[in-house]
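Chains, contacts and geometry: an overview
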Amino acid sequence: MFNKTNALIYFLAFSSGFSIMGIELLGGRILAPFFGSSVHIWGSIITVFMLSLSFGYLLGGKLSIKRPSLSKYGAIFLLASIMVLPIALFANPIMAFIFTHIEDSRYGSLVASTALFFVPTIILGMISPYSVRLLVTDSAHSGQVAGGLYFVSTLGSALGTIITSFYMVLAFDVNTIIIGFALLLALLGLLAIVVNKLIIAEPCYA
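Residues numbered from 1 in each chain as written. Predicted model: local features only at pLDDT ≥ 70, side-chain atom pairs only at ≥ 80, totals over all residues. Heavy atoms only, no water.

Another aspect to go through is the pattern of salt bridges. Evaluated as defined, the whole model comprises one salt bridge. Residue Arg 106 pairs with Asp 104 through a salt bridge whose shortest N-O separation is 2.7 Å. Residue classification places Arg 106 among the partly exposed positions, given a relative accessible area of 43%. (Salt bridge = Lys/Arg side-chain N within 4 Å of Asp/Glu carboxyl O. Buried < 20%, exposed > 50% of the residue type's maximum accessible area, 1.4 Å probe, protein only.)

Structure, rendered in C-alpha cells:
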C-alpha cells in the first residue's frame, strides 16, 4: 500500500538521481582547466561514474538484506554528503598533482575522475537498491515497485542534468553547486532518520 513513508522514499530516490547527474555534469567543468573538455575527458568521467554506480548497486543490495530501516537509509545519504564535500574542497590541488605527474590527458583525466568521484558515487549508487528493498512488501509486486522506483530516480537524473546545465552553472560557481548538493543530501538523510524515529515513537492502539 502506498503511504507517506513510501512517498518519502520515492522523493529521496528522485533527489539522489538529481544529485548524481548534477555532480557528473559538473565533473566536466572541474576537469576542464587541467585536462580540457574533449571526448576522452567525458569518456573518463562517464566510465568512472558507471563503474562506481555498479559497485554501489551491488553494495546497496547486500546492505539492504541486513535489517533494512529508514534510519540506515538516511545514514547512506549522510555518508554520501560527507564524501561529496571533498570534491569542492580539494579538487584543485588533486587535479594539479595528477596533471603534473601524468602527461597523457586521457589517463590523467581517468585517474582524476577516479580520485574525485569514485567513492562518493559508490555511496550514491547504494540508494536505489536500498530504496527498492524498503518499498517492496509483497514479492508479487516487486517488479512493479522496482520499475516505478527506477522511473522516479531516472526522472530525477534527467531533471538534474537539465537544471544543472541550463540554470545552476549560470547562477553559481561549481564549488557552490557541489556544496549545495552535499547539503541537500545531508538534509535528506536527516529527514529520513527523523521520520524513522517518529514512526518508532508513534503509539500503537489495539
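What follows concerns the packing of aromatic side chains. The way to describe two aromatic rings as a pair is by their centre distance and the angle between their planes. Following the criterion strictly, the structure yields eight aromatic pairs and no others. With a centroid separation of 6.1 Å and 55° between ring planes, the pair formed by Phe 18 and Phe 181 is classed as tilted. With a gap of 163 residues between them, Phe 18 in helix H1 (residues 4-35) and Phe 181 in helix H7 (residues 174-201) connect regions that are remote in the sequence. With a centroid separation of 6.0 Å and an interplanar angle of 70°, the aromatic rings of Phe 35 and Phe 99 are classed as edge-to-face. Residue Phe 35 is found in helix H1, and its partner Phe 99 is found in helix H3 (residues 70-101); the two are separated by 64 residues along the sequence. Using a relative accessible area of 7% as the deciding quantity, one classes Phe 35 as buried. Three or more aromatic residues joined by ring pairs form one cluster here, namely Phe 34, Phe 35 and Phe 99. (Phe/Tyr/Trp six-rings, centres within 6.5 Å; stacked < 30°, edge-to-face > 60°. Helix = DSSP H or I, 4+ residues; strand = E, 2+ residues; numbered from the N terminus.)

Right, let's talk about the nonpolar core for a bit. Counting residues in hydrophobic clusters, the biggest one holds 53 residues, and the most contacted among them are Ile 23, Ile 30, Leu 31, Tyr 73, Phe 117 and Ile 178. Contributing elements (two or more residues each) for this core: H1, helix H2 (39-63), H3, helix H4 (105-125), helix H5 (127-135), helix H6 (142-171) and H7. With twelve residues, H1 is the largest single contributor of residues to this core. If near-sequence neighbours (up to four positions away) are discounted, Ile 23 is found in contact with Phe 49, Val 84, Ile 87, Phe 117, Leu 124, Ile 178 and Phe 181. (Core = buried A, V, L, I, M, F, W, Y, C linked by side-chain atoms within 4.5 Å. Contact = heavy atoms within 4.5 Å.)

Next up on the list: a nonpolar patch on the surface. A cluster of nonpolar side chains, Phe 151, Leu 155, Leu 159, Ile 162, Phe 166 and Tyr 167, forms an exposed patch at the surface whose accessible area comes to about 600 Å². Exposure remark for Leu 155: the relative accessible area of 39% places this residue in the partly exposed category. (Patch = residues over 30% accessible without salt bridge, like charges linked within 9 Å, V, L, I, M, F, W, Y side chains within 5 Å. Areas by Shrake-Rupley, 256 points an atom, 1.4 Å probe, with all protein chains shown as cover.)

Below, the discussion takes up the packing of H1 against H3. Between H1 and H3, the least distance of the axes is 11 Å, while the angle of their chain directions is 5°. Of the possible angle classes, the one that applies to H1 and H3 is roughly parallel. On the side of H1, the interface is formed by Thr 5, Leu 8, Ile 9, Leu 12, Ala 13, Ser 16, Ile 23, Ile 30, Leu 31, Phe 34 and Phe 35, while H3 contributes Leu 70, Tyr 73, Phe 77, Val 84, Ile 87, Ala 91, Asn 92, Met 95, Ala 96, Ile 98 and Phe 99. Of the residues belonging to the contact of H1 with H3, the class tally is 19 nonpolar, three polar and no charged. (Axes fitted to C-alpha atoms, helices over the stretch in contact; angles between N-to-C directions. Parallel < 35°, antiparallel > 145°, perpendicular 65-115°, else oblique. Nonpolar A, V, L, I, M, F, W, Y, C, P; charged D, E, K, R; others polar.)

The terminal C-alpha atoms of H1 lie 46 Å apart, and with 32 residues this matches the ideal 46 Å at 1.5 Å per residue to within 8%. Phi turns positive one or two residues past the end of H1, at Gly 36, with a value near 90°. (Expected span 1.5 Å × (residues − 1).)

Before going further, it helps to examine empty space enclosed by the protein. Counted under the stated rule, the structure contains one cavity of 30 Å³ or more. Quantified by volume, the largest cavity comes out at close to 30 Å³. Forming the walls of the largest cavity are Ile 20, Ile 23, Phe 49, Val 84, Ile 87, Phe 117, Pro 120, Thr 121 and Leu 124. Elements supplying a minimum of two residues to the lining of the largest cavity: H1, H3 and H4. With four residues, the single largest contributor to the lining of the largest cavity is H4. Of the residues assigned to the lining of the largest cavity, the class counts are eight nonpolar, one polar and no charged. (1 Å grid on protein atoms, 1.4 Å probe; cavity = no way out; pocket = protein on both sides within 12 Å on 5 of 7 lines; lining within 4 Å. Points joined across faces, edges and corners; volume = space filled by probe spheres on them.)

Interpretation note: all reported values are geometric properties and have no functional meaning in isolation.
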